[in-house]
Amino acid sequence: MTIDGTPQTLGGSRQRAVLAMLLINRNRALSADTIAAAAWDDRPPADTRGNIQVLISHLRKLLKTAQLDAREIIVTTPPGYRLCTSEPQCDVDRFHARKRQAFDAAAGRRFAEASTHFSHALQEWRGEVLDDLHGLRFADTFATGLEEEKIVTLTARAESELACGRTAAVISDLTPLVASNPLREPLWAQLIAALYLAGRQSDALDACRRLRSTLADELGIDPSAPLQELEARILRQESLEVQRQASATAAVAMTIIDAHPRAARAQLRDATGRVFTIDEGALRIGRMDDNDLTLADGKASRHHALVVDTGASYLIRDLKSANGTYVAGVRVFNSAPLSDGDVIRIGDNEFTFERLREAGGIATQSGNSRRSGSGD
């Protein structure tokens, strides 16, 4: 926390976790039980309210030292506490606002303006999300969703830059991003297109070969049909319609953003018909009983995988498991998006990912929600 440009010492991890939980849910009231469950990773102390009161008091003291009205910023209100902040004060809100401006501009084919807004959005990032709280369920879930949004934003900016003919900037941005995300084909597609548009046909084809080799070695698959078509067009030295692609991407992104408040919930269904709802934004899967979905399966790791609602879609992240997480028969490296009907395999267990239909504003599903399971 910084007050008037002066960094403040926040103390131990519990106090930082309380502040992070209040900030993630800014301008919303949270109960002491909810805050404690986050700060103690679902193992809150017996005196939940007393412990939270002490931590809130310490945070307020920091605000008071800067001559701020601490009780107007961290408000006591049913059922507990609310941290009050306006959009310009919060980096996440600024990121989302500028990203939306960028997508609006790109949808209107104002690509230079879009690129500027995307760059402003990305300037809000200063390192890893909640890095000092890594390992806490609520922090990992929030970080996963936000980091996915960052990659989407980087991808969209690259397309806007390509539409403006600024290939050098795209190549510079995407080369390290592809290296750290070698299985994300859309990033490869943009890098390959940028190299070709920059007059570097041999480098573009070399990138195609590297992608093909990476996918074969890691996943045992070929590049997708659009990437194979891109390679074929480069071999034929055809022109690329990058502006049309950038407009299409922006239109899809805006549809997702506009539809999000009405987005359907999701669940996993096992082979016996049992369902496991993805509540509170995430579903943690593994062998230990502190997971949301517990698997009595020796092939499952203690903490194996995490299904996350990113706000615009769902993805599954492999938590560096020993035996891997598979979606539609393909091993997940880091994370992968989920589509309705995808089959997820963890050890000897298979689950079908299902998006739930909305009926009168209420998600409908069959079966009963369960929070534990066993291997077949």
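Worth saying up front: this structure is predicted, and the values here are computed from it rather than measured.

Trainee: For the pattern of salt bridges, give the residues involved together with the corresponding values.
Mentor: According to the stated counting rule, one finds 21 salt bridges in the structure shown. Between R184 and E148 there is a salt bridge, with the nearest N and O atoms lying 3.0 Å from each other. With R184 in the loop between α8 (167-180) and α9 (185-197) and E148 in helix α7 (residues 137-163), this pair connects stretches of sequence that are 36 residues apart. Across the pair, exposure class does not vary: R184 and E148 are buried alike. In this structure, a network of salt bridges that share partners links the residues E229, R233, R236 and E238.

Trainee: Mind laying out helix α10 (residues 201-218), listing which residues take part and the relevant values?
Mentor: Relative to the 26 Å expected for 18 residues at 1.5 Å per residue, α10 spans 26 Å between its end C-alpha atoms, a close match to the ideal helical length. Taken together, the buried positions of α10 are A204, L205, A207, C208, L211 and L215. One side of α10 holds all its buried residues, which, seen down the axis, span an arc of 150°. Exposed side of α10, more than 90 degrees from the buried face: S202, R209 and D217 are the residues found there.

Trainee: So, the packing of helix α1 (residues 13-24) against helix α3 (residues 48-64): which residues are in play, and what are the values?
Mentor: In the contact formed by α1 and α3, the axes pass within 10 Å of each other and the chain directions differ by 80°. Considering the angle they form, α1 stands roughly perpendicular to α3. In contact with R14, Q15, V18, L19 and L22 of α1, α3 contributes I52, L55, I56, H58, L59 and L62. Counted by class, the contact of α1 with α3 contains eight nonpolar, two polar and one charged residues.

Trainee: Summarise the pairing of strand β10 (residues 305-309); cite the residues concerned and give the values.
Mentor: Extensive coverage of β10 is indicated by the burial of four of its five residues. Note that strand β8 (residues 282-286) and β10 share four bridges and pair antiparallel. Bridging from a neighbouring strand, L283 pairs with V307 of β10.

Trainee: Talk me through the sheet that holds strand β4 (residues 74-77); I want residue IDs and the actual numbers.
Mentor: Strand order in the open sheet made by the three strands is β3-β5-β4, with antiparallel pairing throughout. Taken across any chain shown, the strands that pair with only one partner, and hence form the sheet edges, are β3 (30-31) and β4. Pairing analysis gives four bridges linking β4 to strand β5 (residues 80-83), with the strands arranged antiparallel. Each bridged residue has a counterpart across the sheet, and for I74 the counterpart in β5 is L83.

About the criteria used
Residues numbered from 1 in each chain as written. Predicted model: local features only at pLDDT ≥ 70, side-chain atom pairs only at ≥ 80, totals over all residues. Heavy atoms only, no water. Salt bridge = Lys/Arg side-chain N within 4 Å of Asp/Glu carboxyl O. Helix = DSSP H or I, 4+ residues; strand = E, 2+ residues; numbered from the N terminus. Buried < 20%, exposed > 50% of the residue type's maximum accessible area, 1.4 Å probe, protein only. Expected span 1.5 Å × (residues − 1). Arc of directions from axis to C-beta. Axes fitted to C-alpha atoms, helices over the stretch in contact; angles between N-to-C directions. Parallel < 35°, antiparallel > 145°, perpendicular 65-115°, else oblique. Contact = heavy atoms within 4.5 Å. Nonpolar A, V, L, I, M, F, W, Y, C, P; charged D, E, K, R; others polar. Pairing = 2+ DSSP bridges.

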